[in-house]
Structures are given as C-alpha cells and as structure tokens.
Amino acid sequence: MTHRLLAGLLAATVLAAAPALAADYETVDTSEVAIVNNADLIIELGAGISTQPAYEGADDYDISGYPIVSLQYLNIPGLFAIGSPEEKQGGLRIGPSFRFIDKRNANDYPELNGTLALDRSYQLGLRAGYEFPVYDTLNIEVYGEARYAFNEGEGFVGGAGIDFISRPTEQWEFKLGPRTTFADSNYNSTYFSVRPLESIASGGRLAAYDAGGGFKSVGAAASARYEFRPDWFLNANAAYERMVGDAADSPIVKVGSEDQFFAGFGISKRFSIDLF
C-alpha cells in the first residue's frame, strides 16, 4: 500500500511539472534584455536611395543608391569594448565611412564646356565619434571622419560635426547638428581647379584657377529613424552644405552653385550576434 501511495504521488508530481518543463523547453527568451546580454556584436546593415549634387559644386542633382552600415557595439572580452548594447547609453562609436562621386563630363553639363572629363571617384575610410547622455531623451555625439579618395579624384577628404540626438520613444530616433567638410589640395585641384587650356577651351568663360586644400563646406544635417518592427528600421536623412574657401571661389562652383543639398531614404536591419 505504501509503495502504491508513493508511486501515485510521484506520478502526480511528474504530471504537474510536465507542462512547466515543456513550456521552459519550447519557449525561447527573445526579449531585448536577453539578446543584449548575449550579444558581443551589434551591427546595423541596409541600403537606400539618395539625391545629391551631380558633381562637386553642381546645380544639378542625381539619384543613386547608398549602403547603411553602423556598428553599435563590439565587445572583445578581456581586450576592449566599443559602443554600448543600449544605444541611449552612448559611448565610443567606430565604423566605416564612404562616399561615391559620379563622373563629370562637359557633354552632360553645358556650363562646364571646355573642361576635361572626370571619371568616377570612390572614398573609403573611418568614422569615429563619442556619444554621451545629457538628459533622459537627449544625447550629444561629437564625431570626425577621414577617407581616402581614389580612381579619379585622389587625396584625403573628411568631415567633423556635432549631433544632438533625441530618442523620445523606443521606436524613434532623431538627429540634428552642424558639420563641416575638408579636403587636401590634390582632391580640391581635381574638382575645383581650371587649367589654362580648359579656360581657353571655354572661351574665357571659366577663368584659370588653382584650388588649394582646406575647409570645403559648412552646413547642417538631420536624420530620423523609425523601428517599424523589432530590429527593422526606416531611415530618412537630409543635409545642406555651403561651399567655402577655395572651393567656393572656383569658377566651377560659380557657374554651378555654392549651395549643396542632400536627401536619402532607406531600410536597415539590426543584427545581434554572440561571438564568444
């Protein structure tokens, strides 16, 4: 009788615990906290389309694609950590920086008649910034970027700026702030100088000009990002730049425009990866 009673109690205990065990086995904790605690790498990847000046100093605009690559967090245990698992905590941010400059041909832009054709240029480098909290929903990031341009316009280019960042809800992020760009003399000479032969070929409409390096533009940029489903984002951005220095004085810009506008829209996804 005692054995039967013990067996019955054991069976009842197992049957009562079975649903809980099954639930623990079948249910995976996908909460943000669980993901963040296990992630050594958090990166955002995507793509979009943008409108930008057809060439440096242009008054015409082209539409092209652009990649979205953002490193939010990288942790190498025992060595270093970059960024933070939670964006609002800020910290050091390091990531790639790139830009594409399309070809320039006087046959496509009558205002440049007499100038030599320029092939496409590619710029590749790094962006580094530090973001720190100010209020519950306001952070500030100070950043700089440096790239090397190659193919046609060779040389070093870059920029720096400050972003005021607001995250009023878990889904929304807004950025706004001033920025400036600069380039060395090799790069500026490619896009803003006018050779004597080009000046003659233009019938004197474009004066001979030798552009040097330095600050290229000043302006402001703004962006918005919305998380429309977990880890999926819609991105929108816009920027205004005013040519300054030797770039602004260039005959190329005088027949184009000192005011440069940029706008883009894209979609991206955040990946949280447990590396170790």
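Every value quoted in this text rests on a predicted model; they were computed, and no experiment measured them.

Rules used in this analysis
Residues numbered from 1 in each chain as written. Predicted model: local features only at pLDDT ≥ 70, side-chain atom pairs only at ≥ 80, totals over all residues. Heavy atoms only, no water. Helix = DSSP H or I, 4+ residues; strand = E, 2+ residues; numbered from the N terminus. Buried < 20%, exposed > 50% of the residue type's maximum accessible area, 1.4 Å probe, protein only. Contact = heavy atoms within 4.5 Å. Areas by Shrake-Rupley, 256 points an atom, 1.4 Å probe, with all protein chains shown as cover. Salt bridge = Lys/Arg side-chain N within 4 Å of Asp/Glu carboxyl O. Core = buried A, V, L, I, M, F, W, Y, C linked by side-chain atoms within 4.5 Å. Pairing = 2+ DSSP bridges. pLDDT = per-residue confidence, 0-100. Arc of directions from axis to C-beta. Polar contact = N/O pair within 3.5 Å; in protein donor to acceptor, adjacent residues only side chain to side chain. Patch = residues over 30% accessible without salt bridge, like charges linked within 9 Å, V, L, I, M, F, W, Y side chains within 5 Å.

(A) Structural view of the overall build of the chain. Along the backbone of the chain there are six helices and eleven strands. For the chain, buried positions account for 38% of its 276 residues. When contacts within the chain are restricted to residue pairs at least 6 apart in sequence, long-range pairs at least 24 apart make up 62% of them. Taken as a whole, the chain presents about 15,300 Å² of accessible surface, with 62% of it coming from carbon and sulfur.

(B) Main features of the pattern of salt bridges. Here the structure, examined in full by the defined rule, presents 19 salt bridges. The salt bridge partner of arginine 225 is glutamate 44, with a shortest N-O separation of 2.5 Å. Here arginine 225, found in strand β9 (residues 214-229), pairs with glutamate 44, found in strand β1 (residues 41-53); they are 181 residues apart in sequence, far enough to count as distant. The closest approach of N and O atoms between glutamate 173 and arginine 225, which form a salt bridge, is 3.8 Å. Residue glutamate 173 is located in strand β8 (residues 172-183), and its partner arginine 225 is located in strand β9; the two are separated by 52 residues in the primary sequence. One salt-bridge network, held together by shared partners, links Glu44, Glu87, Arg93, Glu131, Arg167, Glu173, Arg225, Glu227, Asp231 and Arg270.

(C) Geometry of the nonpolar core. The biggest cluster of nonpolar side chains holds 23 residues, and the ones touching the most others in it are Tyr55, Leu112, Tyr187, Tyr191, Phe192 and Met243. At three residues, helix α3 (residues 185-192) tops the list of elements feeding residues into this core. Among all residues touching methionine 243, those that are not within four sequence positions of it are Glu56, Gly57, Phe192, Lys216, Ser217, Ala248, Val253, Glu258 and Gln260.

(D) Region of the structure containing the pairing of β1. Direction of pairing for β1 relative to strand β11 (residues 259-273): antiparallel, over a ladder of eleven bridges. Residue leucine 45 lies in a different strand from β11, and its bridge partner there is lysine 269. Pairing between β1 and strand β2 (residues 61-76): 13 bridges, direction antiparallel. Along β2, the bridge assignment pairs proline 53 with tyrosine 61.

(E) Inspection of the confidence of the model for the chain at higher detail. Summing up the model confidence of the chain, the mean pLDDT is 87 and the portion of residues at 70 or higher is 87%. The model gives residues 1-35 a pLDDT under 50, and that stretch makes four contacts with residues more than four places away or in other chains.

(F) Region of interest: α3. The set of residues buried in α3 consists of Tyr187, Asn188, Thr190, Tyr191 and Phe192. All buried residues of α3 lie within an arc of 160 degrees about the axis, which places them on one face of the element. Where α3 starts, the residue carrying a side-chain oxygen 3.2 Å from the main-chain nitrogen of asparagine 186 turns out to be aspartate 184.

(G) The arrangement of a nonpolar patch on the surface in detail. There is a patch of nonpolar side chains on the surface, built from Leu45, Val69, Phe98, Tyr122, Leu124, Tyr148, Phe150, Phe156, Phe271, Ile273, Leu275 and Phe276 and spanning about 1,100 Å² of accessible area. Checked against the element boundaries, valine 69 lands in strand β2. Assessed through its relative accessible area of 32%, valine 69 is described here as partly exposed.

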